[in-house]
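# Summary of structural features
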Amino acid sequence: MTDRTLVALDVNGQRYEVAAPPHHTLLEVLREECGLTGTKHGCELGECGACTVLIDGAPVYSCLTLALESQGHEITTVEGLATGNELHPLQTAFAEEGAAQCGYCTPGILLAAKALLDRNPRPDRAQMAEAISGNLCRCTGYTAIYEAIDRAAAAARSK
Amino acid sequence: MPSARVVKNRTEFEGKIYEELALVQGADIPAWSADAELRHVGRSRLRVDGPQRVSGRARYTTDLMLPGMLHARVVRSPHPHARVIRVDAKRALALAGVRSVVDRTSAPELFDEEVHYVGAPVAVVVGETEEIAADAAHLVEIEYESLPFVVDLEEAIADRTRVQRKESYSRGDARRGFREADIVVDARYTTSTQLHNCLEPHGAVAQWDGERLTLWESTQAMFDVRKGVAKAIRARLDDVRVICDYMGGGFGSKLGHGHYSEIAAVLAKRLGRPIRCVMDRREENLVTGNRSATVQRVRVGATKDGKLTALEHVAWSGTGTEDGWVASTTGPSNGLYEVANVRSEQFLVLTNTGPFSAFRAPGYVEGTFALESAMDELADKLALDPLALRRKNYAKLDPQSGKHYSLKRLDQCYSRGAELAGWSRRKAGGTAGRHAYLRRGMGVSTQVWGGGGGPPAYATIHLNADGTAIVRAGLQDIGSGTKTAIAQIAAEELSLPLERVRLSIGETDAPYGPASGGSMTTASLGPAVRLAAVDVRRQLLEVAAGLMEVRASEIHLTDGHAVAGRGGKKLALDEVFSKLQNYTVIGRGSRHPNPEDVRLRSFGAHFAEVEVDIRTGAVRVLKIVAVHQIGRIVNPLNAKSQVEGGVTQALGYAVSEGRVLDRLSGHVMNANLEDYKIPTVKDVPDIVVEFVPDLDRRANNLGGIGLGEPPIIPTAAAIANAVANACGARVRTLPITPARVLEALRR
């Protein structure tokens, strides 16, 4: 069995100290050691975007990021979007626009969209497309996803 | 209790008609009328499981981590055809954490001696972690004897031993019809192998408790998985419980149990520990099914004024190593147009590639591309508007059975679609773009499909002591929102708010329910759920009538109250049984047979607008207008989403998707999402969705049929026709790549 090393991760404002093989990706450690399975495994090749998480606010493919490299940074996963049982405006908008058919790509897209809205509260379609162009969706198509991001941005601005 | 009986029924599933006996109970009721005041059905409602899906709480099969769980990794053949001589697992077994390696010798039920495609299973390694199993899989040494193979479809068609005639159809006399024709289009079309690439990989997790096997699987058909797995481990149906709470896409590739289900089940029983067997992305592209590549020849004859005299369609579908069935590629030609003389043949062609499977409207997607391209070529030759040609050959009756349709509003799909697309702006020869090298064009194509559903499907509803209801049904939600539709139907008939109706679905200890396939889940199960709710209501009213001292027929349910007459006595539902401590009102419903005298089919029309760069051949799809007719829409929000998703998948099929095989090695060259191009957000056009509002009241007690597959059917031909209109490039091969456009421009 592979030697394990101690990894300390700051995920969604909480500290996780787990033992994992040093070459394991952030995706593997989040899912298998931290029990945070909201981050999805789609290809483990950096192609589909289902594993997208935020590191210090920027979207990354967690399947191409080593857990060890992520120490000392703020990691946000889909589980960290809601406040208690209150959904993040993006989550509400995705539910309301029917932007999640099977929902498997949704966690990754939500985080990519959050990174966009955090730095640009009034994105146009081209900027939205750029932001989520690294995330594949096979059921919903992307139309409802645009509409959901639009709606969430409007909701955030009107607050 | 309602009496049970066996009835004859006819169901259309994936383009084929099945006549089967079905057990039903009680009697059916008529569909809601057009002026019925419905509070849930027909209204956009949020997904009942929306919060779970957006919060990361939805648990998919791939997310399952059971205590003591082992991981299975399949060792696959690198040869397209070979005999397995010897499997040596010594080095693999020596790796720490490896618990078992099985091959044909130790598990003959899981492996064949001969492998017939690259990726065929040869052995399975079981380890404490996924990584250990994967590492050990590389250490299994296998000796093969290489055998001859063919992976190329055209090459296989030339080899008679690989070709089987599976279906043929004729009416009238095609030969005479062609003699009567003034103009004949005779064209050959080819389509690529499309790979499903569900975002959630195929997989299963099995746990054996010494008596019973529990299998979690990402599946569209829990009951078929149960049957297949029970057979694999030689168990009874009740020995196996299949669970599918959430699944990440299927599109036809998750109908029936997989090899992974057998591996998980057999090894869980053998090793006494839970087994997880989940595919990786490469395996998704090699072994979990695909849409058949096709070669098709279509001949259409017509008089000078555009009346069809004959139609001939011959299709060869590459099924890989799948030797059982073939998708109905010629179905659209057999049934779409009013033409007296038709002849079609459907051939299955075996190649040494991964087996095909159903893929969203299998056959009809491929066949519609050929037929509707040929119709456009005919319109061009006749100098007729393509829409006018289609209207001229409009079938008022079903051309195959001679029966009326339960509903056909294709004419409205054409008119409304033309309006939304601005079809009057279309010009023969296309229009100019912003630059001289950009050409714009428009194209149209038609969709026909079944999706009427049918029995068997059953549901029970339990009404609790606090006036909440639980719907229990053998349903898995593929992601389309069936679950929400079912809740809406139950809430409607129970006069309850949607949030007081909970679903208990996603496992096989429930009454039998249909697969999530063939566009028929809601149309099959929905009517049974409605009847179960009616049964609950009847019992409630009987008791309430006694308490209120009126006849049951004089009261009705509104807003959680039993109400006598207009403005009469009111009784809250939770008061009806208030003297009882605990109780359950159990309602039962079953799906009744389809009407015999009419044909149930859905129709639609897609209009595409494209821009072609004639320097590079690049096609940009600007807009797709999709107008469909399925009768009643249970949830407009989900219906719209279903169409947008179908169009997007069709867009990939039309312009970018296609498996690439190396003829010499038999390997798939693009078995990943980098080289196999599914549409990204930047590729999608403006998609305009509309539905014909008319109800299909003859179809079933909901008044509507299925929508899952129709939106993917006509798009590719609409795009091909728009490209031809834009710049004169008739591309008869999918996908429509820049190279193919340039080649067509040079012709």
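Cut-offs applied
- Residues numbered from 1 in each chain as written.
- Chains lettered and ligands numbered in written order.
- Predicted model: local features only at pLDDT ≥ 70, side-chain atom pairs only at ≥ 80, totals over all residues.
- Helix = DSSP H or I, 4+ residues; strand = E, 2+ residues; numbered from the N terminus.
- Rg over C-alpha atoms; globule rule 2.2 N^0.38 Å.
- Buried ≥ 20, exposed ≤ 12 C-beta atoms within 10 Å, placed from the backbone.
- Contact = placed C-beta atoms within 7 Å.
- Domains from an automatic or database assignment.
- Pairing = 2+ DSSP bridges.
- Axes fitted to C-alpha atoms, helices over the stretch in contact; angles between N-to-C directions.
- Core = buried A, V, L, I, M, F, W, Y, C linked by C-beta atoms within 7 Å.
- Nonpolar A, V, L, I, M, F, W, Y, C, P; charged D, E, K, R; others polar.
- Parallel < 35°, antiparallel > 145°, perpendicular 65-115°, else oblique.
- Left-handed = near helix turned anticlockwise from the far one by under 90°.
- pLDDT = per-residue confidence, 0-100.
- Arc of directions from axis to C-beta.

What follows deals with the overall build of chain B. Broken down by element type, chain B carries 18 helices and 31 strands. For 747 residues, the compact-globule formula gives about 27 Å, and the C-alpha radius of gyration of chain B, at 27 Å, lands near that figure. Counting only C-alpha atoms and orienting by the principal axes, one finds that chain B spans roughly 85 × 75 × 50 Å. Burial status across chain B gives 59% buried among its 747 residues. Taking all contacts inside chain B whose residues are at least 6 apart in sequence as the whole, residues at least 24 apart take part in 80%.

In terms of helices and strands, chain A carries 5 helices and 5 strands. Along the chain direction, N to C, the helices and strands of chain A fall in the order β-β-α-β-β-β-α-α-α-α. On C-alpha atoms alone, chain A measures out to a radius of gyration of 16 Å, which is about the 15 Å that the 2.2 N^0.38 rule sets for 159 residues. Along the first, second and third principal axes, the C-alpha atoms of chain A reach 50 × 30 × 25 Å. Looking at chain A residue by residue over its 159 residues, the buried ones come to 59%.

Residue and element names in this part refer to chain A. Here the domain parsing of chain A yields domain 1 (5–80) and domain 2 (89–157). The gap between the C-alpha centroids of domain 1 and domain 2 is 21 Å. Taken together, the contact between domain 1 and domain 2 spans 15 residues of the former and 13 residues of the latter. For the side of domain 1 that touches domain 2, the elements supplying multiple residues, two or more each, are β3 (52–55) and β4 (58–61). In terms of residues, the side of domain 1 that touches domain 2 owes the most to one element, β3, which gives 3 residues.

Before going further, it helps to examine the pairing of strand β21 (residues 458–463) of chain B. Residue and element names in this part refer to chain B. The element β21 is extensively covered by neighbouring structure, given that 5 of its 6 residues are classed as buried. Note that β21 and strand β27 (residues 585–590) share 6 bridges and pair antiparallel. When the sheet's bridge partners are listed, T460 is paired in β27 with R588. As paired strands, β21 and strand β22 (residues 469–473) are joined by 5 bridges and run antiparallel to one another. For H462, the partnering residue across the bridge sits in β22 and is I470. Between β21 and the antiparallel strand that follows it, β22, lie 5 residues; G467 among them carries a positive phi value of about 80°.

Attention now moves to the sheet that holds strand β1 (residues 5–11) of chain A. By way of backbone hydrogen bonds, the strands of a sheet pair with one another, either parallel or antiparallel. Residue and element names in this part refer to chain A. Spatial strand order, β2-β1-β5-β3-β4: 5 strands in an open sheet with mixed pairing. In this open sheet, the two edge strands, each paired with only one partner strand, are β2 (14–20) and β4. Looking at each pair of strands side by side, their axes are set apart by 40° on average, direction ignored. One ladder, built from 2 bridges, connects β1 with strand β5 (residues 74–76); its direction is parallel. Along β5, the bridge assignment pairs D10 with E74. Most of the contacts of helix α1 (residues 26–33) go to β2, to which it runs at about 100°, and overall it touches β1, β2 and β3. Against the sheet, helix α3 (residues 106–119) makes contact with β3, β4 and β5, and its axis sits at roughly 35° relative to β3, the strand it touches most.

All names here are of chain B. Topologically, L147 is positioned in the loop between β8 (141–146) and α4 (153–157). For L147, a count of 14 C-beta atoms within 10 Å corresponds to the partly exposed category. For the pair L147 and A82, spaced 65 residues apart in sequence, the C-alpha to C-alpha distance is 4.9 Å. With residues up to four places along the chain from it excluded, the contact list for L147 reads H81, A82 and R83.

Bringing the nonpolar core into the picture now. Soluble globular proteins tend to pack their nonpolar side chains together in the buried interior. All names here are of chain B. Counting 277 residues, the largest nonpolar core has V125, A264, A490, I719 and V723 as its most contacted members. Ranked by residues supplied to this core, first place goes to helix α14 (residues 521–548) with 12 residues. Setting aside chain neighbours within four positions, we find A264 in contact with A72, A204, V205, A206, L215, I275, R276 and C277.

On to the interface of chain B and chain A, then. Counting from both sides, the interface comprises 42 residues of chain B and, opposite them, 40 residues of chain A. Among the elements that line the side of chain B that touches chain A, the one with the most residues is helix α16 (residues 636–655) of chain B, at 7 residues. For the side of chain B that touches chain A, the per-class residue count stands at 17 nonpolar, 16 polar and 9 charged.

Time to look at the environment of B:V84. Take B:V84: it is sitting in strand β4 (residues 82–88). Setting aside chain neighbours within four positions, we find B:V84 in contact with B:R104, B:E113, B:V115, B:V122, B:I142 and B:Y144.

This paragraph deals with the packing of α16(B) against helix α17 (residues 715–727) of chain B. Residues and elements named next belong to chain B. The contact between α16 and α17 brings their axes to 8 Å, and the two run at 50°. Viewed along their axes, α16 and α17 adopt a mutual orientation that is oblique. Our pair here, α16 against α17, has a crossing hand that is right-handed. Between α16, through V647, A650, L651, Y653, A654 and V655, and α17, the contact on the second element is made entirely by T715, A716 and I719. Class assignment of the residues belonging to the contact of α16 with α17 gives a composition of 8 nonpolar, 1 polar and no charged.

Another aspect to go through is the confidence of the model for chain B. Put simply, chain B has an average pLDDT of 96, and 99% of its residues get 70 or more. Here the predicted complex scores 0.97 on pTM and 0.97 on ipTM.

Let's shift gears to the sheet that holds β21(B). Residue and element names in this part refer to chain B. Ordered by their spatial adjacency, 4 strands build an open sheet running β23-β22-β21-β27, and the pairing between neighbours is mixed. Each edge of the sheet is formed by a strand with only one pairing partner; in this case those strands are β23 (501–504) and β27. When strand polarity is set aside, the average angle formed by the axes of neighbouring strands in this sheet is 20°. Packing against the sheet, helix α13 (residues 482–494) makes contact with β21, β22 and β23, and its axis sits at approximately 135° to β23. Where α14 meets the sheet, its contacts fall on β21, β22 and β27, and the angle it forms with β27 comes to roughly 145°.

The axes of two packed helices give the description: the angle between them and the distance between them. Residues and elements named next belong to chain A. It is at 9 Å that the axes of α3 and helix α4 (residues 125–132) come closest, and there the two elements cross at 130°. If you check the angle between α3 and α4, you find them oblique. Relative to α4, α3 is oriented so that their crossing is right-handed. Contacts between α3 and α4 pair I109, A112, A113, A115 and L116 from the former with Q127, M128, A131 and I132 from the latter.

Residue and element names in this part refer to chain B. Every buried residue belonging to helix α6 (residues 222–232) is among M222, V225, R226, V229, A230 and A232, and all of these are buried. Seen from one end, α6 has its buried residues packed into an arc of 155°, which puts them on one side. Against the buried residues of α6 lie β12 (213–217), β13 (240–243) and α7 (259–271). Backbone geometry just after α6 places R234 at a positive phi near 50°.

The amide bond that connects B:P455 to the next residue, B:P456, takes the cis arrangement and shows omega of 0°. Residue position: B:P456 is located in the loop between β20 (438–449) and β21. For A:N12, which is not a glycine, the phi torsion comes out positive at approximately 50°. With respect to the helices and strands, A:N12 occurs in the loop between β1 and β2. Judged by C-beta crowding, with 20 C-beta atoms within 10 Å, A:N12 ranks as buried.

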